Amino acid sequence: MKKLLFLFDTDPMPSVFDTVVGYDGGADRVTGYANVTPDNVGGLVDGTIFTRGGQDKQNTAIFIGGGDMAKGEALLKAVQKKFFGPFRVSVMLDPNGSNTTAAAGVALLAKTTKLKGKKAVVLAGTGPVGMRAAALLAQEGADVSLTSRSKERAENAARAIEARFGVKVKPVQGADESARAKDVEGAEIVLAAGAIGIELLKASHWEHNSTIEAVADVNAQPPLGLEGIEATDKGKERDGVICFGALGIGGLKLKLHRACIGWLFESSDALLDAEEIYALAKEMA
Ligand code: NAP
């Protein structure tokens, strides 16, 4: 029986990245739908749950993607609402690679240094990756701040994280590089989660900082989020700071993403969200 992965994307086009990784993770066929919303997803879910019976059902799975965490989470709720009794299939939530990327980055940091009680700053943490990374760091017991160019966006992100994960992160405004340099004063961990190709800090803002132990940057496209690291850094020590660049994190992210796709087809009731994906990332890191 063919393994079918249905990609429900909240964006105007289904993600090519998620389609490729769907195949590489073991799906025989990946079918992407765009502009999927809680209002139009019902019929799509019906097609996944009423077509195969018994153990055969585990050969059908759903992947929820797109560039908006809140829309992805709302879509996940709507999908789960359609399930009843054995009429369900496994589902993974990973808008913009948020869960897999954040889980890989935080798992690598956790392997490098103790996170509990550490002061961690997630720079430009209002996107899907940054919000998940902030939540995972806080769940590990770090004292987390999350920056945004806008105080209001930082506060909204902190509220959404608390509502979903029950952990508090401190919203901080970091309007420009010099403000963000102040935001990382006294920090022990810095995770840069800014948009692609956006520099968030100069090397001088973090390299000679006496408290920073480890930094991670998920942006792979120059200029990198943190000047002074290389995208390929994977635990490289620079001036006493352990560094992880986007490609150093991306290797684990891709392995993790593929492993999660394989996991979806092992049963018909798996739910792969931040907690499940992070637990696997820690095993794989
Ligand atoms: P995103 O939503 O595109 O951007 C994150 C935040 O960056 C935004 O919320 C915004 O925050 C801030 N930002 C945007 N333009 C900015 C500017 N000019 N100056 C300062 N801040 C700016 O990002 P995402 O989807 O969460 O992804 C985060 C990063 O992870 C991206 O670089 C993406 O390419 C990367 N990524 C890496 C991997 C990997 O395997 N390494 C996988 C997936 C994604 P405010 O507007 O609130 O300031």
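Above this text is the structure in question.
Everything numeric here is computed off the predicted structure, so don't read it as measured data.

### Re the packing of helix α5 (residues 128–139) against helix α6 (residues 151–165)
Pairs of packed helices are described in terms of their axes, by the angle between the two and the distance that separates them.
So, point 1. Close contact between α5 and α6 brings their axes to 10 Å; oriented N to C, the two are set at 55°. When the interaxial angle is binned, α5 and α6 end up oblique. Crossing geometry of α5 relative to α6 is assigned as right-handed. Of the residues in α6, those in contact with M131, R132, A134, A135 and Q139 of α5 are A157, A160, I161, R164 and F165.
So, point 2. Considering only residue class, the contact of α5 with α6 consists of 7 nonpolar, 1 polar and 2 charged.

### As for the pattern of salt bridges
So, point 1. A complete count under the given rule lists 12 salt bridges for this structure.
So, point 2. Of the charged contacts, one joins R132 and D273 as a salt bridge, the two residues approaching to 2.9 Å between their closest N and O atoms. Linking R132 in helix α5 with D273 in the loop between β12 (271–272) and α10 (274–284), this pair joins segments that are 141 residues apart in sequence. Note on accessibility: R132 and D273 belong to one class, buried.
So, point 3. Across the pair K202 and E199 runs a salt bridge whose closest N-O atoms are separated by 2.8 Å.
So, point 4. For E199, a relative accessible area of 18% translates into the label buried.
So, point 5. Shared partners join several salt bridges into a network, and the residues in it are E73, R132, R164, D273 and E275.

### Looking at a positive patch on the surface
So, point 1. Together, K111, K234, K255 and R258 give the surface a local cluster of positive charge.
So, point 2. With respect to the helices and strands, the residue K234 is situated in strand β10 (residues 234–238).

### Focus on the layout of surface pockets
A probe as big as a water molecule, rolled over the atoms, marks out the empty space that is left.
So, point 1. If you add up the space inside the largest pocket, you get close to 1000 Å³.
So, point 2. Lining the largest pocket are 39 residues, with N96, V129, G194, A195 and I196 sitting closest to its centre.
So, point 3. Breaking the lining of the largest pocket down by element, the ones donating at least two residues are α1 (16–24), α5, β6 (143–148) and α9 (246–264).
So, point 4. With 6 residues, the top contributor of residues to the lining of the largest pocket is α9.
So, point 5. Its volume calculated, the second largest pocket comes out at about 160 Å³.
So, point 6. As for the second largest pocket, its lining consists of G67, D68, M69, A70, E73, T126, G127, P128, M131, N156, A157 and A160.
So, point 7. Among the elements of the structure, α3 (69–82), α5 and α6 are those that each provide at least two residues to the lining of the second largest pocket.
So, point 8. When grouped by side-chain class, the residues that make up the lining of the second largest pocket number 6 nonpolar, 4 polar and 2 charged.

### A short note on the packing of aromatic side chains
So, point 1. Within this structure, the stated rule accounts for 4 aromatic pairs.
So, point 2. Look at F8 and Y33: their rings are 6.2 Å apart centre to centre, the planes differ by 75°, and that puts the pair in the edge-to-face class. Taken as a pair, F8 in strand β1 (residues 4–9) and Y33 in strand β2 (residues 29–33) lie far apart in primary sequence, 25 residues in all.
So, point 3. On the basis of relative accessible area, Y33 is assigned to the partly exposed category, the value being 31%.
So, point 4. Here F50 and F84 contribute two aromatic rings whose centre-to-centre distance is 6.2 Å and whose plane-to-plane angle is 55°, an arrangement assigned as tilted. Placement of the pair is F50 in the loop between α2 (42–49) and β3 (60–65) and F84 in the loop between α3 and β4 (90–93), with a sequence separation of 34 residues.
So, point 5. One aromatic cluster is present, built from ring pairs that chain together F50, F84 and F87.
So, point 6. For the cation-ring pair, R164 lies above F165, with the distance from its terminal atom to the ring centre recorded as 4.2 Å.

### Quick word on the sheet that holds β10
So, point 1. Strand order in the open sheet made by the 7 strands is β7-β6-β5-β8-β9-β11-β10, with mixed pairing throughout. The strands lining the two open edges of the sheet, one partner per strand, are β7 (170–173) and β10. Pairwise comparison of adjacent strand axes, ignoring direction, gives a mean angle of 20° for this sheet.
So, point 2. In terms of strand pairing, strand β5 (residues 119–123) meets strand β8 (residues 189–192) through 4 bridges, oriented parallel.

### Structural notes on the site of the ligand
So, point 1. Residues in contact with the ligand amount to 22 residues; listed here are only the nearest, N96, T126, S148, R149 and G194.
So, point 2. Within the backbone of A195, one N or O atom sits 3.1 Å away from an oxygen atom of the ligand.
So, point 3. Residue A246 places a main-chain N or O atom 3.3 Å away from a nitrogen atom belonging to the ligand.
So, point 4. With the chains in place, 78% of the 920 Å² that the ligand exposes on its own is no longer accessible.
So, point 5. Given that more than half its atoms are within 2 Å of the pocket grid, the ligand belongs to the largest pocket.
So, point 6. Only α5 and α9 provide two or more residues apiece to the shell around the ligand.
So, point 7. Here the shell around the ligand takes 3 residues from α9, the largest share from any one element.
So, point 8. Broken down by class, the residue content of the shell around the ligand amounts to 10 nonpolar, 8 polar and 4 charged.

Reading guide: rules and limits
- Position numbers for residues start from 1 in each chain and track the written sequence from start to end.
- Under the rules for a predicted model, residues below a pLDDT of 70 receive no local features and side-chain atom pairs below 80 are neither given nor counted, while totals for whole chains, interfaces and linings still include all residues.
- Excluded from the side-chain calculations are hydrogens and water; all other atoms, namely the structure's heavy atoms, are used.
- Note on geometry: axes are C-alpha line fits, over the in-contact stretch for helices, and angles between N-to-C directions span 0 to 180 degrees.
- Under the DSSP-based scheme used, a helix requires at least four consecutive residues in state H or I and a strand at least two consecutive residues in state E, with every element numbered from the N terminus.
- Should an angle lie under 35 degrees it is considered roughly parallel, over 145 roughly antiparallel, and from 65 to 115 roughly perpendicular; all remaining angles are considered oblique.
- Should the near helix be turned anticlockwise from the far one by less than a right angle, the crossing is left-handed, and should it be turned clockwise, the crossing is right-handed.
- Residue contacts are counted whenever heavy atoms from the two residues lie within 4.5 Å of one another.
- When residues are sorted by character, Ala, Val, Leu, Ile, Met, Phe, Trp, Tyr, Cys and Pro go into the nonpolar class, Asp, Glu, Lys and Arg into the charged class, and all the rest, Gly among them, into the polar class.
- By salt bridge we mean one thing: a side-chain nitrogen of Lys or Arg within 4 Å of a carboxyl oxygen of Asp or Glu.
- Residue exposure (1.4 Å probe, protein chains only): buried if accessible area is under 20% of the type maximum, exposed if over 50%, otherwise partly exposed.
- Nonpolar side chains (Val, Leu, Ile, Met, Phe, Trp, Tyr) within 5 Å and like charges within 9 Å form the patches, drawn only from residues with over 30% relative accessible area and no salt bridge.
- Here the open area of atoms and residues is found with the Shrake-Rupley method and a 1.4 Å probe, where only the protein chains shown may cover a residue.
- Charged residues are defined here as Lys and Arg on the positive side and Asp and Glu on the negative side; His and the ends of the chain fall outside this count.
- By convention, charge coordinates are those of NZ in Lys, CZ in Arg, CG in Asp, or CD in Glu.
- Throughout, the protein atoms alone are placed on a 1 Å grid, and a set of points is a cavity if a 1.4 Å probe fits but cannot get out or a pocket if it is open with protein on both sides within 12 Å along at least five of seven lines; lining residues have an atom within 4 Å of a point.
- Grid points are joined across faces, edges and corners, and a volume is the space filled by probe spheres set on the points.
- Put simply, two rings from Phe, Tyr or Trp (the six-membered ring, in Trp's case) pair if the centres are within 6.5 Å, and we call them stacked under 30 degrees between planes, edge-to-face over 60, tilted for the rest.
- We count a charge as sitting over a ring when the NZ of a lysine or the CZ of an arginine lies within 6 Å of the ring centre and within 35 degrees of the ring normal.
- For two strands to count as paired, DSSP must find a minimum of two bridges between them.
- One heavy atom within 4 Å of a molecule or strand is enough for the residue carrying it to be called near that molecule or strand.
- N or O atoms closer than or at 3.5 Å make up a polar contact, with two conditions inside protein: a donor-capable atom paired with an acceptor-capable one, and, for residues adjacent in sequence, both atoms drawn from side chains.
- For a cavity or pocket, the test is whether more than half of a molecule's atoms lie within 2 Å of its grid points; if they do, the molecule sits there.

Just distances and angles here, no functional claims.
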